[in-house]
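Chain and residue survey
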Amino acid sequence: MTAKLFTPYTIKGVTLKNRIVMAPMCMYSSHNEDGHIQNWHRTHYTTRAVGQVGLIIVEATAVTPQGRISPQDLGIWSDDHIKGLQELTGLVKEHGAKIGIQLAHAGRKAELEGEIIAPSAIRFNEKSKLPKEMTKADIEETIAAFKKGAERAAKAGFDIIEIHGAHGYLINEFLSPLTNKRTDEYGGSAENRYRFLREVIEAVKTVWDGPLLVRVSAHDYHEDGLKPEDYINFAKWMKEQGVDLIDVSSGAVVPAKINVYPGYQVKYAETIKNGANIPTGAVGLITTAIQAEEILQNERADLVFLARELLRDPYWPRRAAKELGEEIIGPKQYERGWI
Ligand SMILES: Cc1cc2nc3c(=O)[nH]c(=O)nc-3n(C[C@H](O)[C@H](O)[C@H](O)COP(=O)(O)O)c2cc1C
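A brief report on the enclosed structure follows.

**Some points on helix 10 (residues 316-323)**
- Within the sequence span of helix 10, burial applies to Trp316, Pro317, Ala320 and Ala321. Buried residues in helix 10, looked at end-on, bunch into an arc of 140 degrees, giving them a common side.
- If you follow the buried residues of helix 10, they end up packed against strand 3 (20-22), helix 8 (289-297), strand 13 (303-306) and helix 9 (308-312).
- Positive phi shows up at Gly325, right after helix 10, with a value of about 70 degrees.

Below is the structure:
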């Protein structure tokens, strides 16, 4: 029997050669502070493609300069960014991997000079900056920036777009009642808190008809915050809007103590998959092939996202194949050392 980890998976016409996804990870390596791709990005992402990862999702890439977490974040706020990103997609695709990009806005978690924005003027913690409450014009501009980002991602040759709705960044700040205290149509009820994400998805969809993923934080770990059950509802709406898969993470909306253990977020991916009848990706302390295979075979998620384990070992897919008694094809140049 073939291990499910090494079976292909098709999302809206894009076929991944296996179920292994490199989760988005900020490299803070755009050292000229202009959002541009550098050699580090070329080397880092291409290495995982050589290592036979099925889908590589490029780190949180800011749709506006103000939406960066740090000045060294990647950016997609200008047409000038397309060329570097296009080079990157070309390099990765050469090795048979598919490549996605995470479109992001940091909201109140931007650690930048100048004004930062959020749904409400509430700091993340006492050390962080006070954000400005977004006006309607700010909201419209930011939605337009996500749309332009998606348009540029298409031009750069990405196979997949992931919208960053997790980890307490801007979209997540709109979704959670802990960070959204607005009294207009963007705050209050779940429908209203979802409105910003709804409009971002709608705008992206006007310029992008490829696979669309959304990453969510399915648990705020706070008694007044959102729980996985709340995300079943949001996921149903996302599905209606044509989102293809939910990448299920958790936390980082407000400072909280999180009990982490192997696969600690898998149950949220399972809850959302079953509750909203939508494909999901599981992430978080997944390190072994057995763990990944268990998640897939028990249909707890459709894809397995790895972050830190792929930093430790870019050839993790080869190691996982060995663990599961599979043989996977590696780069021809490595034939003598691969098996
Ligand atoms: C260095 C680093 C950078 C990260 N940057 C991002 C990011 O850009 N976007 C995101 O959604 N998550 C980011 N994360 C979270 C990971 O994608 C992942 O959800 C988390 O590390 C848990 O998975 P793991 O246990 O396999 O590392 C980052 C994690 C690390 C370690």
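**Notes on the nonpolar core**
- Ile163 and Met238 are the most contacted members of the largest nonpolar core, which has 84 residues in total.
- The element contributing the most residues to this core is helix 5 (residues 190-205), with seven residues.
- When residues no more than four places from it in sequence are discounted, the contact partners of Met238 are Tyr194, Leu197, Ile201, Val214, Val216, Val243 and Ile246.
- Membership of the second largest hydrophobic core comes to 14 residues, among which are Tyr9, Leu16, Val21 and Phe305.

**Here we look at the side chain of Arg42**
- Examined against the element boundaries, Arg42 turns out to sit in helix 1 (residues 39-50).
- Engagement of the side chain of Arg42 in a polar contact is seen with the side chain of Glu87, the distance being 2.8 Å.
- Leave out the neighbours within four places in its chain, and Arg42 touches Ile37, Glu87, Leu88 and Leu91.

**A few points about the site of the ligand**
- The environment of the ligand is formed by 15 residues, the closest being Pro24, Cys26, Gln102, Leu285 and Arg308.
- At a separation of 2.9 Å, an oxygen atom of the ligand approaches a polar side-chain atom of Arg215.
- Taking Arg308, its side chain carries an N or O atom lying 2.6 Å from an oxygen atom of the ligand.
- Relative to its free-state accessible area of 610 Å², the ligand is covered by the protein chains to the extent of 82%.
- When grouped by side-chain class, the residues that make up the shell around the ligand number nine nonpolar, four polar and two charged.

**Notes on the packing of aromatic side chains**
- Under the definition given, this model contains nine aromatic pairs.
- Between the aromatic rings of Tyr261 and Tyr264, the centroid separation amounts to 6.2 Å while the plane-to-plane angle is 70 degrees, which identifies the pairing as edge-to-face.
- Grouped by ring-pair contacts, the aromatic residues Tyr194, Tyr231, Phe234 and Trp237 constitute a single cluster.
- Cation over ring: Lys109 sits above Tyr169, and NZ or CZ is 5.1 Å from the ring centre.

**Observations regarding unusual backbone geometry**
- For Lys12, which is not glycine, the phi torsion reads 45 degrees and is therefore positive.
- Residue position: Lys12 is located in the loop between strand 1 (9-11) and strand 2 (14-16).
- Within the chain, Gln52 stands out as a residue other than glycine whose phi angle is a positive 75 degrees.
- Assessed through its relative accessible area of 9%, Gln52 is described here as buried.

About the thresholds
Residues numbered from 1 in each chain as written. Predicted model: local features only at pLDDT ≥ 70, side-chain atom pairs only at ≥ 80, totals over all residues. Heavy atoms only, no water. Buried < 20%, exposed > 50% of the residue type's maximum accessible area, 1.4 Å probe, protein only. Helix = DSSP H or I, 4+ residues; strand = E, 2+ residues; numbered from the N terminus. Arc of directions from axis to C-beta. Contact = heavy atoms within 4.5 Å. Core = buried A, V, L, I, M, F, W, Y, C linked by side-chain atoms within 4.5 Å. Polar contact = N/O pair within 3.5 Å; in protein donor to acceptor, adjacent residues only side chain to side chain. Near = heavy atom within 4 Å. Areas by Shrake-Rupley, 256 points an atom, 1.4 Å probe, with all protein chains shown as cover. Nonpolar A, V, L, I, M, F, W, Y, C, P; charged D, E, K, R; others polar. Phe/Tyr/Trp six-rings, centres within 6.5 Å; stacked < 30°, edge-to-face > 60°. Lys NZ or Arg CZ within 6 Å of the ring centre and 35° of its normal.

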